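Fold and contact review
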Amino acid sequence: MGTLVLQNLTTIYYAAIYLCVMNIFKLIGELVVIYILYKIIFDFIIPLYNSTKQVKSKMAEMQERMKQQQRQQAASQPPVKPVTKAAAEDYIDYEEVK
């Protein structure tokens, strides 16, 4: 009977060790996944978001500058005279030289 109790205790002890080791591996796996997610978010997604936002603001600024320049050019140019059609007499006949 003593060996049977000792054998049961040994089996329980090994099962406890097995469960502890498996929990440690599970914890290590979860920590690795959390680290990978952290690196993806803070080294890729946030910088990508910031650069996209910066490019959009620079594009809007550039478009506003272009509109402002167009307004300035339109204001500084004299009004365009309407184009009159040329009379048929104004044209010179063209002869092809061979």
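Above this text sits the structure in question.
Residues numbered from 1 in each chain as written. Predicted model: local features only at pLDDT ≥ 70, side-chain atom pairs only at ≥ 80, totals over all residues. Heavy atoms only, no water.

1. Quick notes on the overall build of the protein chain
A tally of helices and strands in the protein chain yields one helix and zero strands. Burial statistics for the protein chain: of 98 residues in total, 0% are counted as buried. (Helix = DSSP H or I, 4+ residues; strand = E, 2+ residues; numbered from the N terminus. Buried < 20%, exposed > 50% of the residue type's maximum accessible area, 1.4 Å probe, protein only.)

2. So, the pattern of salt bridges
One pass over the structure, following the stated rule, counts three salt bridges. The shortest N-O distance in the salt bridge between Lys 39 and Asp 43 comes to 3.0 Å. Of the two residues, Lys 39 and Asp 43 both sit in helix 1 (residues 2-76), four residues apart, roughly one turn of that helix. Judged by relative accessible area, Asp 43 falls into the partly exposed class, the value being 49%. Glu 61 serves as the salt-bridge partner of Arg 65, at 2.7 Å between the closest nitrogen and oxygen. Separated by four residues within a single helix, Arg 65 and Glu 61 lie in helix 1, roughly one turn from each other. (Salt bridge = Lys/Arg side-chain N within 4 Å of Asp/Glu carboxyl O.)

3. Remarks on the packing of aromatic side chains
Summed over all chains, the structure comprises two aromatic pairs. Pairing Tyr 13 with Tyr 14 gives two aromatic rings, centres 5.9 Å apart and planes at 55 degrees, and the pair type is tilted. Neither residue differs from the other here; Tyr 13 and Tyr 14 are each classed as exposed. Between Tyr 38 and Phe 42, the aromatic rings sit 4.8 Å apart at their centres with planes inclined by 40 degrees, giving tilted as the arrangement. Residue Tyr 38 and its partner Phe 42 are located together in helix 1, separated by four residues, close to a single helical turn. (Phe/Tyr/Trp six-rings, centres within 6.5 Å; stacked < 30°, edge-to-face > 60°.)

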